[in-house]
Amino acid sequence: MELFQWDTNPWGQETLIRISWDLLYLFFWAGIAFIVFHVIYAAVWLPRLAREAANGGGGASEGVPEKIERHTLAARLFHWIMAVAMLVLLVTGFFPIIGIQFAWVTIHWIAGIVLTISIIYHVIHASFYLDFWSIWLLPADMAEAAQRVKRQLGGGGGDVQRHGKYPLDHKLYHTAVMLAGLAVIGTGLVMMFRIENPLVARNAYMLAEETWGLMYVLHGLGAVLFVMLTLTHIYFAVRPDKFWLTKSMIFGSVDREQYLAHHDPSRWVVSEKPATSQEPAKN
């Protein structure tokens, strides 16, 4: 299996041009393998974890409303606009590679612009109107993860602390999406100069061929990573035990029972007023 594709320039030098499309199939099947592994893992561990959660009980319900806002309307609109743009980008970017040919270039760059604008909006919205730190990895998350691993390996460790608004796996996924997104958006905007479009004047000689090759490689790596991330995201979204989270992205809220069963009220503080997320770092 090759990782990159090379070409020979007029001076007989090998020049990097893009990733090998073998990586597309590698990341696709890596996503499928993860899903299969998790199905087996969930069948073995989820019943035990459910019993432990039931034995542990929820937090105090005093002052907790019947419905807790998890995602504002603005956040939900961003999520679904981003999701549609990403699916369009994956279809237009990879279907021609696997043999399904159509006029994809214009659709692709328009979807890329929509994704870019939605991400810029999300950064501003999350920075000034949401709890910015609720989705980032904090020391308390790592301690919780170590405790869970220790218990699953039979090492005891006592009761596992419930997470805040977002569990560790959500935060890890967010970090991976952020890195892949920065790669595809940054390089995609530069690659606009190599195609005809009404936004920027075409200038294929703006960068050296070696630099263009690096741009295509970074764009391709981010794109194939999104293939795996999208597969796993859809898998978790339709799992019966996770579907309450999917519903919250549609309707915006979760029930009191779900909140108490999965979240630590001291790490995600809610009241009868609109919920806010508070997850202070713990050493």
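Residues numbered from 1 in each chain as written. Predicted model: local features only at pLDDT ≥ 70, side-chain atom pairs only at ≥ 80, totals over all residues. Heavy atoms only, no water.

(A) The arrangement of helix 5 (residues 168-191) in detail. An ideal rise of 1.5 Å per residue puts 34 Å on 24 residues; helix 5 measures up with 34 Å between its terminal C-alpha atoms. Taken together, the buried positions of helix 5 are occupied by Leu168, Lys171, Val177, Ala180, Gly181, Val184, Ile185, Thr187, Gly188 and Met191. (Helix = DSSP H or I, 4+ residues; strand = E, 2+ residues; numbered from the N terminus. Expected span 1.5 Å × (residues − 1). Buried < 20%, exposed > 50% of the residue type's maximum accessible area, 1.4 Å probe, protein only.)

(B) Layout of the pattern of salt bridges. By the definition in use, this model includes six salt bridges. A salt bridge links Asp141 to Arg267, with the shortest nitrogen-to-oxygen separation between them at 3.4 Å. Remark: Arg267 occurs in the segment after helix 8 (256-262) and Asp141 occurs in helix 4 (residues 139-152); sequence separation between them is 126 residues. Pair check on accessibility: Asp141 and Arg267 agree, each one buried. As a salt-bridge pair, Arg239 and Asp241 come within 2.8 Å of each other at their nearest N and O atoms. (Salt bridge = Lys/Arg side-chain N within 4 Å of Asp/Glu carboxyl O.)

(C) Structural context of the nonpolar core. Ranked by size, the top nonpolar core spans 24 residues in total, and within it Leu90, Phe94, Leu115, Val224 and Phe226 carry the most contacts. A per-element tally of this core places helix 2 (residues 73-94) first, with seven residues. In contact with Phe94, other than residues within four places in its own chain, are Trp21, Leu24, Ala223, Val224 and Val227. Counting residues in hydrophobic clusters, the runner-up holds nine residues, among them Trp244, Val254, Leu260 and Trp268. (Core = buried A, V, L, I, M, F, W, Y, C linked by side-chain atoms within 4.5 Å. Contact = heavy atoms within 4.5 Å.)

(D) Local environment of the side chain of Asn197. Mapped onto the fold, Asn197 is located in the loop between helix 5 and helix 6 (209-238). Polar contacts involving the side chain of Asn197 include one to the main-chain carbonyl oxygen of Ile195, which spans 3.1 Å. Of the polar contacts made by the side chain of Asn197, one reaches the backbone nitrogen of Leu199; its length is 2.9 Å. Other than its neighbours up to four places away in sequence, Asn197 contacts Trp109 and Met192. (Polar contact = N/O pair within 3.5 Å; in protein donor to acceptor, adjacent residues only side chain to side chain.)

(E) Structural view of the side chain of Thr230. With respect to the element layout, Thr230 can be found in helix 6. Given a relative accessible area of 15%, Thr230 falls into the buried group. Once residues within four sequence positions are removed from consideration, Thr230 is found in contact with Met86, Leu87, Leu90 and Tyr173.

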